[in-house]
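# Survey of secondary and tertiary structure
Okay, here's what each chain looks like letter by letter:
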Amino acid sequence: MEVFTSIPNLRKYLAQQVHQQQKIGFVPTMGALHKGHISLIKASKADNDVTVCSIFVNPTQFNNPEDLLKYPRTLEADCAMLEAAGCDVVFAPSADEMYPDQPLLKFDFGALETVMEGASRPGHFNGVGIVVSKLFHIVKPNRAYFGQKDLQQVAVVSRMVADLSFDLELVIAPTVREADGLAMSSRNRRLNEEERHIAPHIFRIMESAKNELLQGASVDKVIKEAKNEFAAVAAFKLDYFEIVNLSDLQSIDMIGAEGSNAICVAVFLGPVRLIDNLVF
């Protein structure tokens, strides 16, 4: 496995692969890897000749400096996991390498960034747009792999790829969960034992809400019940619980056809903010 920290060196290496007509798959991450990330690596390996994984904790997408500071950084362990999974290339740049100058460009994703994560984390998706577009230009992948757990990020990146005519295919993989239903996340390792025991309630509440909706309950009733369930657990502090149209992530009054709806949630468990979603 090759490890690069320099953009020019990575570009030179990948140009050689392209010259040999190798297809490149790309998995962008912020490190602190888990089985969900590795599932993306395996998907890329199945589709491509060369798989590249970036590990970069992107400062421009954090609106909370404390959250940026506390984000887990485990490069050595991450590289060991990637090598075991058969990843070919790791790109682990410094912030100075990615941002020699403070970026002035601003992305506007319209209604996509005014709801949920966009409303709770102003500027977050501008930072996502900048770093992902930079990484796409650096790596020039044939395919890029993202997990459904970051549903709003997937929607934003999909919009960016379409609007800016990036010549790549986006592959969206299902959320990988622990045996108890908790969505795998780098933030989970910040939970203490008691919090980790409580965390699976997020998925159970979403599942219950989905089942009620499918049985004909109203959206308003289901949202109210879900909020009450979160409020009943003292350790939870709910940020949002939304039922939305999958195509634009806007709130809906009634569910649509199968596969067109999503339940989206963000909740603080102690100091850790967890997000999850359920598409149905």
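Reference entry: report on the structure contained in this document. (Residues numbered from 1 in each chain as written. Predicted model: local features only at pLDDT ≥ 70, side-chain atom pairs only at ≥ 80, totals over all residues. Heavy atoms only, no water.)

Our focus in this paragraph is the side chain of Thr29. Here Thr29 shows up in strand β2 (residues 24-29). From its side chain, Thr29 meets the backbone nitrogen of Gly31 in a polar contact 3.0 Å long. What Thr29 contacts, discounting residues up to four positions off in sequence, is His37, Cys53, Ser54, Ile55 and Phe56. (Helix = DSSP H or I, 4+ residues; strand = E, 2+ residues; numbered from the N terminus. Polar contact = N/O pair within 3.5 Å; in protein donor to acceptor, adjacent residues only side chain to side chain. Contact = heavy atoms within 4.5 Å.)

Read across the open sheet, the three strands follow the order β7-β8-β9; overall the sheet is antiparallel. Taken across any chain shown, the strands that pair with only one partner, and hence form the sheet edges, are β7 (236-245) and β9 (272-279). The average undirected angle you get between the axes of adjacent strands in this sheet is 15°. Of the strand pairs in this sheet, strand β8 (residues 261-269) and β9 are connected by eight bridges, and their pairing is antiparallel. Among the inter-strand pairings, Cys264 is bridged to a residue of β9, identified as Asn277. The sheet contacts of helix α10 (residues 201-214) involve β7, β8 and β9, and relative to β9 the element is tilted by about 30°. Contacts between helix α11 (residues 219-231) and the sheet are confined to β7 and β8, with β7 contributing the most and set at about 160° to the helix. (Pairing = 2+ DSSP bridges. Axes fitted to C-alpha atoms, helices over the stretch in contact; angles between N-to-C directions.)

A separate point is the pairing of strand β6 (residues 169-173). The pairing of strand β5 (residues 143-147) with β6 spans five bridges and is parallel. The partner of Phe146 across the bridge, within β6, is Ile172. With respect to chirality, the unit in which β5 leads through helix α8 (residues 151-163) into the neighbouring parallel β6 is right-handed. (Right-handed = clockwise from strand over helix to strand, strands pointing away.)

Before going further, it helps to examine the packing of aromatic side chains. In total, this model carries nine aromatic pairs according to the counting rule given. A centroid spacing of 5.8 Å and a plane angle of 75° characterise the contact between Phe62 and Tyr71, whose relative ring orientation is edge-to-face. Classification of Phe62 as buried rests on a relative accessible area of 11%. Owing to a relative accessible area of 9%, Tyr71 belongs among the buried residues under this scheme. (Phe/Tyr/Trp six-rings, centres within 6.5 Å; stacked < 30°, edge-to-face > 60°. Buried < 20%, exposed > 50% of the residue type's maximum accessible area, 1.4 Å probe, protein only.)

Tracing the sequence through the fold places Ala262 in strand β8. The exposure class of Ala262 is buried, given its relative accessible area of 0%. Spatially, the C-alpha atoms of Ala262 and Glu2 are 39 Å apart, while their sequence positions differ by 260 residues.

Here Gln21, not a glycine, exhibits a phi torsion of approximately 65°, which is positive. Taking the relative accessible area as the measure of exposure, Gln21 reaches 70% and is therefore exposed. If you check the backbone angles, Leu249 has positive phi at about 65° while not being a glycine. As for its placement among the helices and strands, Leu249 is situated in the loop between β7 and β8. Look at Leu249 and you get buried, because its relative accessible area is 2%.

This part takes up the nonpolar core. The biggest cluster of nonpolar side chains holds 45 residues, and the ones touching the most others in it are Leu10, Val52, Phe91, Met98, Val132, Phe136 and Val139. Looking at which element gives the most residues to this core, the answer is helix α7 (residues 124-139), with nine residues. Ignoring anything within four residues of it in the chain, the contact list for Val132 reads Phe146, Val157 and Met160. Core analysis: the second largest hydrophobic core is formed by 27 residues, Ile223, Phe230, Phe236 and Phe241 among them. (Core = buried A, V, L, I, M, F, W, Y, C linked by side-chain atoms within 4.5 Å.)

A word on the sheet that holds strand β4 (residues 89-91). The six strands are arranged β1-β4-β3-β2-β5-β6 in an open sheet whose pairing can be described as parallel. Edge positions in the open sheet fall to β1 (2-4) and β6, since each of these has one partner strand only. Each neighbouring strand pair of the sheet contributes to a mean axis angle of 25°, computed without reference to strand direction. One ladder, built from three bridges, connects strand β3 (residues 50-55) with β4; its direction is parallel. Across the sheet, Cys53 pairs through a bridge with Val90, a residue of β4.

Here α11 spans 18 Å end to end across 13 residues, near enough to the 18 Å set by a 1.5 Å rise per residue. Taken residue by residue, α11 has Val219, Val222, Ile223, Ala226 and Phe230 as its buried positions. For α11, the arc enclosing every buried residue in end-on projection is 100°, short of the 170-degree limit, so these residues lie on one face. The outward face of α11, more than 90 degrees from its buried face, is lined by the exposed residues Asp220, Lys224 and Ala231. Residues of α11 that are buried make contact with α10, β7 and β8. (Expected span 1.5 Å × (residues − 1). Arc of directions from axis to C-beta.)

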